[in-house]
Amino acid sequence: MRHLLLLVLAGVLSACGAAIRTSGALRILSVAPDVVAGCTVRAGDWMALKGNAFGTQAEWDAGVNYVLFPPGVKAEPVELTQSENPATLFFRVPLEAESGEIRVHVEGVGEAWIPVRVEPALSVQMAVPGCEAPTPPSEPQ
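Residues numbered from 1 in each chain as written. Predicted model: local features only at pLDDT ≥ 70, side-chain atom pairs only at ≥ 80, totals over all residues. Heavy atoms only, no water.

Regarding the overall build of the protein
Line of reasoning, step 1. Along the backbone of the protein there are two helices and 10 strands.
Line of reasoning, step 2. Secondary structure elements of the protein, listed N to C terminal, follow the sequence α-β-β-β-β-α-β-β-β-β-β-β.
Line of reasoning, step 3. For the protein, buried positions account for 36% of its 141 residues.
Line of reasoning, step 4. Counting only contacts in the protein whose residues sit at least 6 apart along the sequence, the fraction spanning at least 24 positions is 62%.
Line of reasoning, step 5. Accessible surface computed for the protein: about 8200 Å², of which carbon and sulfur atoms make up 60%. (Helix = DSSP H or I, 4+ residues; strand = E, 2+ residues; numbered from the N terminus. Buried < 20%, exposed > 50% of the residue type's maximum accessible area, 1.4 Å probe, protein only. Contact = heavy atoms within 4.5 Å. Areas by Shrake-Rupley, 256 points an atom, 1.4 Å probe, with all protein chains shown as cover.)

Shown next, in the form of structure tokens:
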């Protein structure tokens, strides 16, 4: 019985470690694919964040705001497709990305740390509801 209790406790603690952490006024409402629920992402695929404030596209283009994947690789391109209600940010998983925590920095707003498991670009993507890569933003005209 004690062994079972320890296993359950370990599972709860590991699940708690997979939460999104934020600082300042930054709030993340959702991530696609839902990496918090255990979805993996493939290098080269797009991800999307919805939140309360991601700054301006000019700040992203200038590098003031950034998305950093382990081991310290910036996500590019980063497209702010909606500035509010909720703010929506798209970015591509870098080919060099590794599993760990994504760091999202929004100058003057705050930071977020999002757990992510990254698979190689050539891996087979399983059809799991909620784990699909989001449709990338449309190309500018």
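Observations regarding the sheet that holds strand β8 (residues 87-92)
Line of reasoning, step 1. What the four strands build is an open sheet, ordered β2-β4-β8-β7; its pairing is antiparallel. In the strand order of this sheet, the two ends are held by β2 (28-32) and β7 (78-82), each with one partner. The average angle at which neighbouring strand axes cross in this sheet is 20°, direction not considered.
Line of reasoning, step 2. In this sheet, β8 lies alongside strand β4 (residues 46-51) in antiparallel orientation, the contact comprising six bridges. Residue pairing in the sheet places tryptophan 46 in a bridge with arginine 92 of β8. (Pairing = 2+ DSSP bridges. Axes fitted to C-alpha atoms, helices over the stretch in contact; angles between N-to-C directions.)

A look at the environment of valine 78
Line of reasoning, step 1. Topologically, valine 78 is positioned in strand β7.
Line of reasoning, step 2. Valine 78 gets classed as buried once you look at its relative accessible area, which sits at 10%.
Line of reasoning, step 3. As for valine 78 and phenylalanine 90, which are separated by 12 residues in sequence, their C-alpha atoms are 5.7 Å apart.
Line of reasoning, step 4. The residues touching valine 78, leaving out its near neighbours within four places in the chain, are Gln57, Trp60, Leu89, Phe90 and Phe91.

Considering the nonpolar core
Line of reasoning, step 1. Residues Phe54 and Phe69 are the most contacted members of the largest nonpolar core, which totals 26 residues.
Line of reasoning, step 2. Listing elements by their share of this core, those giving two or more residues are β2, β4, β5 (66-69), β7, β8, β9 (100-106) and β10 (110-119).
Line of reasoning, step 3. The residues touching phenylalanine 54, leaving out its near neighbours within four places in the chain, are Leu26, Ile28, Leu49, Trp60, Asn65, Leu80, Ala87, Thr88, Leu89 and Val106. (Core = buried A, V, L, I, M, F, W, Y, C linked by side-chain atoms within 4.5 Å.)

Observations concerning the state of the cysteines
Note on terminology: disulfide describes a covalent bond linking the sulfur atoms of two cysteines.
Line of reasoning, step 1. Inspection of every chain in the model, using the stated rule, returns one disulfide.
Line of reasoning, step 2. The disulfide that involves cysteine 39 links it to cysteine 131, with 1.9 Å between the sulfurs. Linking cysteine 39 and cysteine 131, the disulfide has an S-S dihedral of approximately -75° and is accordingly described as left-handed. A residue pair is termed long-range when its members are at least 10 positions apart, and cysteine 39 in the loop between β2 and β3 (40-42) and cysteine 131 in the segment after β10 qualify at 92 residues. No difference in accessibility class separates cysteine 39 from cysteine 131, as the two residues are buried. (Disulfide = S-S within 2.5 Å.)

Side note on the pattern of salt bridges
Line of reasoning, step 1. Scanning the model with the defined rule gives three salt bridges in all.
Line of reasoning, step 2. In this structure, arginine 21 engages glutamate 101 in a salt bridge whose closest nitrogen and oxygen atoms are separated by 2.8 Å. Of this pair, arginine 21 sits in strand β1 (residues 21-22) while glutamate 101 is found in strand β9, placing the two residues 80 residues apart along the sequence.
Line of reasoning, step 3. Residue class for arginine 21 comes out partly exposed when judged on its relative accessible area of 42%.
Line of reasoning, step 4. Between glutamate 111 and arginine 103 there is a salt bridge, with its nearest N and O atoms 2.6 Å apart. (Salt bridge = Lys/Arg side-chain N within 4 Å of Asp/Glu carboxyl O.)

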